[in-house]
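# Structural description and commentary
Listed below, chain by chain, are the residues.
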Protein chains: 2
Amino acid sequence: MTTQREYALANKITPQMTVAAEYEQIPARKILQGLKSGRIALVKNKNRAIRPMAVGENCLTKVNANIGTSKLRSTIQAELAKLKACAQYGADAVMDLSTGGDLDGTRRTLLGKTKLCFGTVPIYQLMCESRSGLDGDALLEIIRKHCAQGVDFITVHCGVTREVAALLKRYPRVTGVVSRGGSYIHKWLNKTSQENPLYERFDELCEIAYEYDVTLSLGDGLRPGCLADAHDKAQIKELEILGKLTRRAWRKNVQVMIEGPGHVPYDQIARSMRLEKKLCRGAPFYVLGPLTTDIAAGYDHIAGAIGGTLAAVNGADFLCYVTPAEHLGLPDLQDVRDGILASRIAAHSADLVKYPERSAARDLAMARARKALDWNAQFKLALDSAKARSVRLAKGQNVKECTMCGDLCSMREM
Amino acid sequence: MTTQREYALANKITPQMTVAAEYEQIPARKILQGLKSGRIALVKNKNRAIRPMAVGENCLTKVNANIGTSKLRSTIQAELAKLKACAQYGADAVMDLSTGGDLDGTRRTLLGKTKLCFGTVPIYQLMCESRSGLDGDALLEIIRKHCAQGVDFITVHCGVTREVAALLKRYPRVTGVVSRGGSYIHKWLNKTSQENPLYERFDELCEIAYEYDVTLSLGDGLRPGCLADAHDKAQIKELEILGKLTRRAWRKNVQVMIEGPGHVPYDQIARSMRLEKKLCRGAPFYVLGPLTTDIAAGYDHIAGAIGGTLAAVNGADFLCYVTPAEHLGLPDLQDVRDGILASRIAAHSADLVKYPERSAARDLAMARARKALDWNAQFKLALDSAKARSVRLAKGQNVKECTMCGDLCSMREM
């Protein structure tokens, strides 16, 4: 037996399930049951020595941070600093989306420096290196290389098919295909008469993923790039295809997550979550945002936190952060910190609703520390202790209360 | 006739109603109907020459920014800079919560420098200046002074009564009374056998408000200061009292808003909004946050945007901003900017749901500008143009795309 799903189906609780269950504060049996039904993914490459990240039903909402070089910016030093920030500020996973410099070397270096769950989008490497377009053999070779290097999950845009492309042609969008991988595939489909190899050769893809117990994160190449494009026919069709592929992967004992939007009006977010759970039989849902407005440039981490909370309350299991640099440029270190914190606030706000018995104690302790004007306890309990401390310091800390109210402090008055 | 409500009840459309209706892009008759039912407040001191702020049913969600000196910090120069930022970054109203320096002079100066709707919490002045505690005569005198100076709305904690104090004693809270005005009154009630003069002398208060058409913002002295205290008996009782006072004020042709929480778990926010609308007969609801977690110190503007969006979708009409300095110190200029933007994103995200016909065009234009890689149009359409421009600049703008994707840009690929 190779994959955690396989062990679960054989009713064997593995050390990985036990470790994850301890972190989640739930019985290991619940992890096992989730793996069996596919409603939980235990994300970890079988060759990597980390605590697996449990994503899905009964699991705390997880946060991913995207880092990586671009063709125009960034160095390995900058990315290493961002990687350190990911652990420091509470990301559960990190994706290396590098498209600049030595891609294999960057990935190897980053993988060697973190115990966080680690993901990639292998098609980016093809986009950077291939001279012959979307070559299926080359792409599967890249995927195998990422898996062999120890990557825990990979985004694969298997649902961008000729059928979906035809729908896109028939029902045009305002912003078209905004997923980088998705738009590369879509362009290829339009230029050739071929099918997306990630769809056509899905069984081969599953075989590679199985060999390393790498979780397939089925990418939403058709995620809406603006509110007006949300829930169009192409997006729904892709999700239907991903649902079918999910079941095929499960039959091959491969673990699956589904990726989701994107830009979605607030009142469509709950529906979007329910639709994924229905079409993909409860597979864990990994969402980007969702952003509840298109006009928050410079503050998209906030729009993402607004949408992410509602999404997580309604079934999203894993939030991909959005940073203040979204739509404007490559995130820097401060953007990474701000993006993680915004997503953590969203995830925790949702977990207080989904799992109050596991989440509320810290908030209660904070409330008591506030009442006691115990600043050190407050800093310790804050999601970002260093930030809380530095803000108080900057505002003037030479008083028992804070500089907002001084001796009019209501905590003191009582 | 003196107040806009009075004109509405006489079926007379005033220039104020017309101006507000134009801004809202709704017929003036809708404003008139809302004023009649009390579901809209047209907030403007009758002696002040500004565009009135319409708050309530059918009106766009409004945003308030709190500024003002504290006993420990800030100067009039700093507050003037914050006041300027309020207009620049899109606040609809500003409250002067000063508790330090020359309070009357500060208020006069700020009022003279803004066309924004302007509010105060008169009891703060009593707290700073009174040596005899909660003297009803002195408080009413201060209230009259604020109204005569031109203030458009005042927070008055009329619902912190002996009955409420008894409930607080019987059902203790983790953080007690966290409203500054509320805790001052509560302390007084515990120390004396007297009743809250703002409750006992509510008719006199209404007479002053009527004279200047100042909107009474009935304060929630019992707002929860942590998630654990949300919706306790004291809070609900105060809201019931405010509901009764609302009807008394309406009978005297005085306009009313209700203030709301505070710290509220995400799954209780919709209920909180419905409860206010029911108990207060649809009076406009003015909420602080709500914050969906207690542990976001340094980032409470984000927790407030998460709660504020859900609140506004479910009936909140007016969002009081929360800044990154909340719980830590007096906000500075950058905090004011960040707080306003977070609230604007929340308000706009909600308005896209409540009033798409009035709100969606700007988002659609932004989507088109993105597709066209038209950066100047994007900056113009962004909620904070200067920020969007400066982020792009900092990331490197010497390419047609952005430094995130460079020539892998999906907008270009299409």
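As recorded in an unreviewed UniProt entry, chain A goes by Phosphomethylpyrimidine synthase and comes from Termititenax aidoneus. Under the heading Cofactor (unreviewed entry), UniProt records this for chain A: "[4Fe-4S] cluster".

### What about helix 9 (residues 180–191) of chain B?
Residue and element names in this part refer to chain B. With 12 residues, helix 9 extends 17 Å from end C-alpha to end C-alpha; this agrees with the ideal 16 Å at 1.5 Å per step. Burial within helix 9 is extensive, with nine of its 12 residues counted as buried. Taken as a whole, helix 9 has its buried residues at Arg180, Gly181, Gly182, Ser183, Tyr184, Ile185, His186, Trp188 and Leu189.

### As for the pairing of strand 7 (residues 215–218) of chain B
Residues and elements named next belong to chain B. Side-chain alternation along strand 7 places Thr215 and Ser217 on one buried face and Leu216 and Leu218 on a second face that is also buried. Alignment of strand 7 against strand 8 (residues 256–260), held across three bridges, turns out to be parallel. Counterpart to Ser217 in the pairing with strand 8 is Met257. Assessed by its sense of winding, the connection that carries the chain from strand 7 through helix 12 (residues 233–251) to strand 8 is right-handed.

### Things to note about the sheet that holds strand 7 (residues 215–218) of chain A
All names here are of chain A. If you walk around this closed barrel you meet the eight strands as 3-4-5-6-7-8-9-10, and the pairing is parallel. Neighbour-to-neighbour, the strand axes of this sheet turn through a mean angle of 25 degrees, independent of strand direction. As paired strands, strand 3 (residues 62–67) and strand 10 (residues 318–320) are joined by three bridges and run parallel to one another. Residue pairing across strands places Lys62 opposite Phe318, the latter belonging to strand 10.

### Description of the interface of chain B and chain A
Residue-level contacts link 94 residues of chain B with 94 residues of chain A. Regarding the contact of chain B and chain A, the summed buried area is about 7,700 Å², with carbon and sulfur atoms giving 67% of it. The partner of Lys71(B) in a salt bridge is Asp407(A), with the nearest N and O atoms 3.3 Å apart. In this assembly, chain B and chain A are joined by 26 residue pairs in polar contact (both at pLDDT 80 or more). Here the element with the most residues in the side of chain B that touches chain A is helix 15 (residues 333–354) of chain B; it accounts for 11 residues. Partitioned by chemical class, the residues of the side of chain B that touches chain A number 49 nonpolar, 22 polar and 23 charged.

Procedures and definitions
- Residues numbered from 1 in each chain as written.
- Chains lettered and ligands numbered in written order.
- Predicted model: local features only at pLDDT ≥ 70, side-chain atom pairs only at ≥ 80, totals over all residues.
- Heavy atoms only, no water.
- UniProt positions renumbered as here; feature names shortened; annotations may be inferred.
- Helix = DSSP H or I, 4+ residues; strand = E, 2+ residues; numbered from the N terminus.
- Expected span 1.5 Å × (residues − 1).
- Buried < 20%, exposed > 50% of the residue type's maximum accessible area, 1.4 Å probe, protein only.
- Pairing = 2+ DSSP bridges.
- Right-handed = clockwise from strand over helix to strand, strands pointing away.
- Axes fitted to C-alpha atoms, helices over the stretch in contact; angles between N-to-C directions.
- Contact = heavy atoms within 4.5 Å.
- Buried area = accessible area lost by both parts, 1.4 Å probe.
- Salt bridge = Lys/Arg side-chain N within 4 Å of Asp/Glu carboxyl O.
- Polar contact = N/O pair within 3.5 Å; in protein donor to acceptor, adjacent residues only side chain to side chain.
- Nonpolar A, V, L, I, M, F, W, Y, C, P; charged D, E, K, R; others polar.

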